[in-house]
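Coordinates in review
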Amino acid sequence: MTETVLSHADGDPGAYETLVLGIGNVLWADEGFGIRAVEALNARYTFPEDVRLMDGGTQGIFLLPWVCSAQRLLIFDAVDFGMEPATLRMVQGDDVPCFMGAKKVSMHQAGFQEVLSSATLSGSLPGELVLVGVQPELLNDYGGSLTAGVKARIGEAVELACEVLRGWDIDVTERGRPLEGAERIGPGALDIRDYEEGRPRLEGEAR
């Protein structure tokens, strides 16, 4: 067992078998769900050294080397399932690319659909593929954080991910003390509490 470090898509992907990838944009309300979910997973659990947790942001096709290096891929993202806001859904196998490309809620999904297509064409798509997605409620609030309903589903999303990882025979070990603040996120990332507290309030908006 090794200390899990939340990484970003830069440099050499290195050697690993399982990639847990959060994608999205924390600056646009519920589009930040994938990033906040992988941060929460990293804050609560550690994994073997052949498991990589990554904040993929909105890097799209630049994530291709990391996806192609994995044998198993678990994705967190906000996805338009056509369901009630804040509904959590898990999709597996061949259905994952379909949902990632069917109703794009942002440009990052167009880019990631290209990643999955390119990995398929090159014969490098991970053999195990799972998406843990949430139906967004609000996306067009620049500078806003997750809506209350979506934020409340992060804990459940993390537990779903842990069930998947255990099903892949991966040791999931709870930390003795959850990571806090800057220690729970990767370099250059923005902690959700600092982000929410630092946003200027509109006139008349409660603090």
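As the structure is a prediction and not an experimental result, all values here were calculated from the model.

1. Considerations on the overall build of the protein
Helices and strands together make up the secondary structure of the protein, namely 7 helices and 8 strands. Expressed as a percentage of its 207 residues, the buried residues of the protein come to 52%. Taking the intrachain contacts of the protein between residues at least 6 apart in sequence as the baseline, contacts between residues at least 24 apart amount to 83%. Total accessible area computed for the protein in this model is approximately 9,700 Å², and 50% of it derives from carbon and sulfur atoms.

2. What about a nonpolar patch on the surface?
A surface patch of nonpolar side chains, about 290 Å² in accessible area, is lined by Leu27, Trp28 and Tyr142. Inspection of the secondary structure assignment puts Leu27 in the loop between strand 2 (18–23) and helix 1 (33–44).

3. Digging into helix 1
In this model, helix 1 (12 residues) spans 17 Å end to end at C-alpha, consistent with the 16 Å of a helix rising 1.5 Å per residue. A large share of helix 1 lies buried, amounting to 11 of its 12 residues.

4. A few points about helix 6 (residues 154–167)
Here helix 6 contains 14 residues, and its C-alpha end-to-end distance of 20 Å stays within 8% of the 20 Å for a straight helix at 1.5 Å per residue. Inspection of helix 6 places Ile154, Ala157, Val158, Ala161, Cys162, Val164 and Leu165 among the buried residues, and these make up the whole buried set. Buried residues of helix 6, seen end-on, are gathered within an arc of 160 degrees and therefore sit on one face of the element. Exposed and facing more than 90 degrees away from the buried side of helix 6 are Glu163 and Gly167.

5. Here's the deal with the packing of aromatic side chains
Going through the model one piece at a time under the given rule, you end up with 2 aromatic pairs. Note on Trp28 and Tyr142: the rings are 5.0 Å apart at their centroids and 55 degrees apart in plane angle, and the pair reads as tilted. Here Trp28, found in the loop between strand 2 and helix 1, pairs with Tyr142, found in the loop between strand 7 (128–134) and helix 5 (148–151); they are 114 residues apart in sequence, far enough to count as distant.

6. Things to note about the pattern of salt bridges
Summed over the entire model, instances satisfying the criterion amount to 4 salt bridges. The partner of Glu39 in a salt bridge is Arg36, with the nearest N and O atoms 2.9 Å apart. Pair noted here: Glu39 and Arg36 are both in helix 1, with a separation of 3 residues, about one helical turn. For the pair Glu39 and Arg36, one class covers both residues: buried. Notably, a salt bridge pairs Arg153 with Glu156, separated by 2.7 Å at the nearest N-O pair. Accessibility expressed as a relative area gives 22% for Arg153, which makes it partly exposed.

7. Things to note about the environment of Gly155
Mapped onto the fold, Gly155 is located in helix 6. The class for Gly155 is partly exposed, based on a relative accessible area of 35%. It is 7.7 Å that separates the C-alpha atoms of Gly155 and Ala40, two residues lying 115 residues apart in sequence.

8. Focus: the side chain of Thr18
On the secondary structure map, Thr18 appears in strand 2. Judged by relative accessible area, which is 0%, Thr18 ranks as buried. Apart from the residues lying within four places of it in its own chain, the contact partners of Thr18 are Asp50, Val51, Arg52, Arg72, Leu165, Trp168 and Ile170.

9. Examining unusual backbone geometry
The phi dihedral of Ala29 falls on the positive side, at around 50 degrees, and the residue is not glycine. As for its placement among the helices and strands, Ala29 is situated in the loop between strand 2 and helix 1. At Ala86, a position not held by glycine, the phi torsion is positive, near 75 degrees. The residue Ala86 is located in the loop between strand 5 (72–78) and strand 6 (88–92) in this model. On the accessibility criterion, Ala86 (9% relative accessible area) is buried.

Scoring rules and cut-offs
- Residues numbered from 1 in each chain as written.
- Predicted model: local features only at pLDDT ≥ 70, side-chain atom pairs only at ≥ 80, totals over all residues.
- Heavy atoms only, no water.
- Helix = DSSP H or I, 4+ residues; strand = E, 2+ residues; numbered from the N terminus.
- Buried < 20%, exposed > 50% of the residue type's maximum accessible area, 1.4 Å probe, protein only.
- Contact = heavy atoms within 4.5 Å.
- Areas by Shrake-Rupley, 256 points an atom, 1.4 Å probe, with all protein chains shown as cover.
- Patch = residues over 30% accessible without salt bridge, like charges linked within 9 Å, V, L, I, M, F, W, Y side chains within 5 Å.
- Salt bridge = Lys/Arg side-chain N within 4 Å of Asp/Glu carboxyl O.
- Expected span 1.5 Å × (residues − 1).
- Arc of directions from axis to C-beta.
- Phe/Tyr/Trp six-rings, centres within 6.5 Å; stacked < 30°, edge-to-face > 60°.

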